[in-house]
Amino acid sequence: MTRILGIETSCDETAASVVQDGKTILSNVVASQIDLHAQYGGVFPEVASRAHVEAIGVVVEQAVQDAGITMDRLDAIAVTRGPGLVGSLLVGINYAKGLALAANKPLLGINHLEGHVYSLWLTEPRRDVQFPALVLIVSGGHTELLLMTGHGQYERLGGTLDDAAGEAFDKVGRVLGLPFPGGPNIERAAQMGNAHAFEFPKARTDESYDFSFSGLKTAVMREVTVMPSAAARRREPGAEKHAILRSDVSVYDAAASFQKALVEALVTKTARAAKARNVKEVLLAGGVSANTALRMAMRAATDLPVRYPPLNLCTDNAAMIAAAAYHRFHAGLRDELDMDVKPMWHLSSTAYSEG
Ligand code: KG4
Ligand code: ZN
């Protein structure tokens, strides 16, 4: 029996969790900063790191206590090393180092994206994933299409060329005057809207497996807003902050039409890649995989099994970090107590060959 404590502070959730054998969650504590950041309409890095510092001790203690164990019963401590906000990552990694040193436990630095992948191992029923599998990671910071051929083995097929899928949801949510984060609020609004009300640009139909969402965001702005400022008229980055919603536009219709266009873009290429690479399963992970329209469209687009995490494990959590660490731990991988953070870390397959 292997019990690993996971710690996650890469963005705006302070999280800790104990996972047994890479699949059974013994505890899962998430202290969300959403309310804190909502007033700024996005995640404010300095505010985030300060909130992590305040929360981390209590969150970790709670996770160990909820698991019904004590620190000495843990086999290892796993912490998100990147990618993410440098200040936020540092809080988690320094705390984890302190614990590892004090309790004399092995330390493992985990790639946040690999964490999202391993949230799929925490789903019910606990049937093992069949390789090769195609993984679509769609979160606030990332959109990655990966071929997974084994534990820790990834081939990157494509990703976003500009905004991440969740980022597009958040920016369009802001344009539509919906609260932060945009994703879940757009999904709710879309349920009451007509997805055919607006014809937003269709998916990129080129041969690559890359995505692009900034054009879609701009199209939404063009259709539904008046542009009072010069910056907004020139569609500069951040122009969505200055856009004013037209009074004759239905937020519900705009939300539904936007969501449909974005989901179609994701699903078309994912289904094509699944076919081309002859995979056995399609896996969705990351905050946007909570979206019901995406889940349903993906199921409709392929005959293959489509798996996604339970809702509470789609968005950032530490159980996925502990689950990802399990396979590395058993491959004998360990990190040094002086390991650094990797704010721009790509997910690559070196995972099981470096140790
Ligand atoms: O994975 P995550 O918690 O954080 C990152 O690693 O970035 O993803 C957060 C993102 C946000 O952009 C949020 O708007 C989006 O996931 N999201 C959703 C839904 N729930 C969260 N997007 C669409 N539909 C949802 N139901
Ligand atoms: Zn994430």
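What you see is a predicted model; the values in this text were computed from it and never measured. Each residue is numbered by its place in its chain's sequence as written, counting from 1. Labels are handed out in written order, letters beginning with A for the chains and numbers beginning with 1 for the ligands. For this predicted model, a pLDDT threshold of at least 70 governs which residues receive local features, and a threshold of 80 or more governs which side-chain atom pairs are given and counted, while totals over whole chains, interfaces and linings are taken from all residues. To get the side-chain values, all heavy atoms of the structure are used, and hydrogens and water are removed first.

A. Main features of the pairing of strand β2 (residues 13-20). Exposure is judged per residue with a 1.4 Å probe applied to protein chains only, and the accessible area is read against the type maximum: over 50% gives exposed, under 20% gives buried, and values in between give partly exposed. Secondary structure elements follow DSSP: runs of H or I no shorter than four residues count as helices, runs of E no shorter than two count as strands, and numbering proceeds from the N terminus. The buried fraction of β2 is high, at eight of eight residues. Alternating residues of β2 divide into Glu13, Ala15, Ser17 and Val19 and Thr14, Ala16, Val18 and Gln20, and every residue in both groups is buried. Criterion used throughout: strands pair if DSSP finds at least two bridges between them. Direction of pairing for strand β1 (residues 3-8) relative to β2: antiparallel, over a ladder of six bridges. Looking at the pairing, Ile7 lines up with Ala16 of β2. Note: β2 against strand β3 (residues 24-32), eight bridges, orientation antiparallel.

B. Geometry of the pattern of salt bridges. The term salt bridge refers to a pairing of a side-chain nitrogen on Lys or Arg with a carboxyl oxygen on Asp or Glu at a separation within 4 Å. On inspection of all chains with the given rule, the structure shows twelve salt bridges. The shortest N-O distance in the salt bridge between Lys217 and Asp163 comes to 3.6 Å. Of the two residues, Lys217 is situated in helix α7 (residues 214-224) and Asp163 in the loop between β8 (153-159) and α5 (165-175); the sequence distance between them amounts to 54 residues. Its relative accessible area of 8% is what places Lys217 among the buried residues. Taking the relative accessible area as the measure of exposure, Asp163 reaches 7% and is therefore buried. Taken together, the shared-partner salt bridges connect Asp163, Glu167, Lys171 and Lys217 into one network.

C. How the structure looks around the domain arrangement of the chain. Where each domain begins and ends follows an automated or database-derived domain assignment. Considered domain by domain, the chain is made up of domain 1 (3-121 + 313-350) and domain 2 (129-308). Each of domain 1 and domain 2 has a C-alpha centre, and these two points are 27 Å apart. Counting across the interface, domain 1 meets domain 2 through zero salt bridges. What qualifies as a polar contact is a pair of N or O atoms within 3.5 Å, subject to a donor-acceptor requirement within protein and to the restriction that residues adjacent in sequence count only when both atoms come from side chains. Seen at the junction of domain 1 and domain 2, the total is four residue pairs in polar contact (both at pLDDT 80 or more). Looking at the side of domain 1 that touches domain 2, the elements with two or more residues in it are α1 (34-38) and α4 (112-118). We call Asp, Glu, Lys and Arg charged. Ala, Val, Leu, Ile, Met, Phe, Trp, Tyr, Cys and Pro are nonpolar, and the rest, Gly among them, are polar. Tallied by class, the residues present in the side of domain 1 that touches domain 2 amount to eleven nonpolar, nine polar and two charged.

D. Local environment of the coordination of the zinc ion (ligand 2). Those protein atoms acting as donors to the zinc ion (ligand 2) are His112 (NE2), His116 (NE2) and Asp316 (OD), and they sit at 2.0 to 2.1 Å. Each metal site lists N, O and S donors within 2.8 Å (3.2 Å for Na, K and Ca). With water left out of the atoms, a site can look as if it is missing ligands. Working rule for geometry: tetrahedral if four donors all subtend angles between 85 and 135 degrees; square planar for four, octahedral for six, if opposite donors exceed 155 degrees and the others stay between 65 and 115; irregular in every other situation. Given four donor atoms and angles of 95 to 138 degrees at the metal, the environment of the zinc ion (ligand 2) is assigned as irregular. Of note, the zinc ion (ligand 2) draws all its donor residues from one chain, in the sequence arrangement H-x3-H-x199-D. Of this pair, His112 and His116 are both found in helix α4, four residues apart, which corresponds to roughly one turn of the helix. Both residues of the pair, His112 and His116, count as buried.

E. The arrangement of the site of ligand 1 in detail. Being near a molecule or strand, for a residue, means having at least one of its heavy atoms within 4 Å of it. Contacts to ligand 1 come from 19 residues, most closely from Gly140, Asp170, Gly183, Glu187 and Asp316. One of the side-chain nitrogen or oxygen atoms of Asp170 is found 2.7 Å away from an oxygen atom of ligand 1. Within the backbone of Gly287, an N or O atom sits 3.1 Å from an oxygen atom of ligand 1. Within the complex, 90% of the 560 Å² of free accessible area of ligand 1 lies under protein. For the shell around ligand 1, the secondary-structure elements that each account for two or more residues are α4, α5 and α6 (182-190). In the shell around ligand 1, the residues fall into six nonpolar, ten polar and three charged. Values of accessible area rely on a 1.4 Å probe in the Shrake-Rupley scheme; residue burial ignores everything except the protein chains shown.

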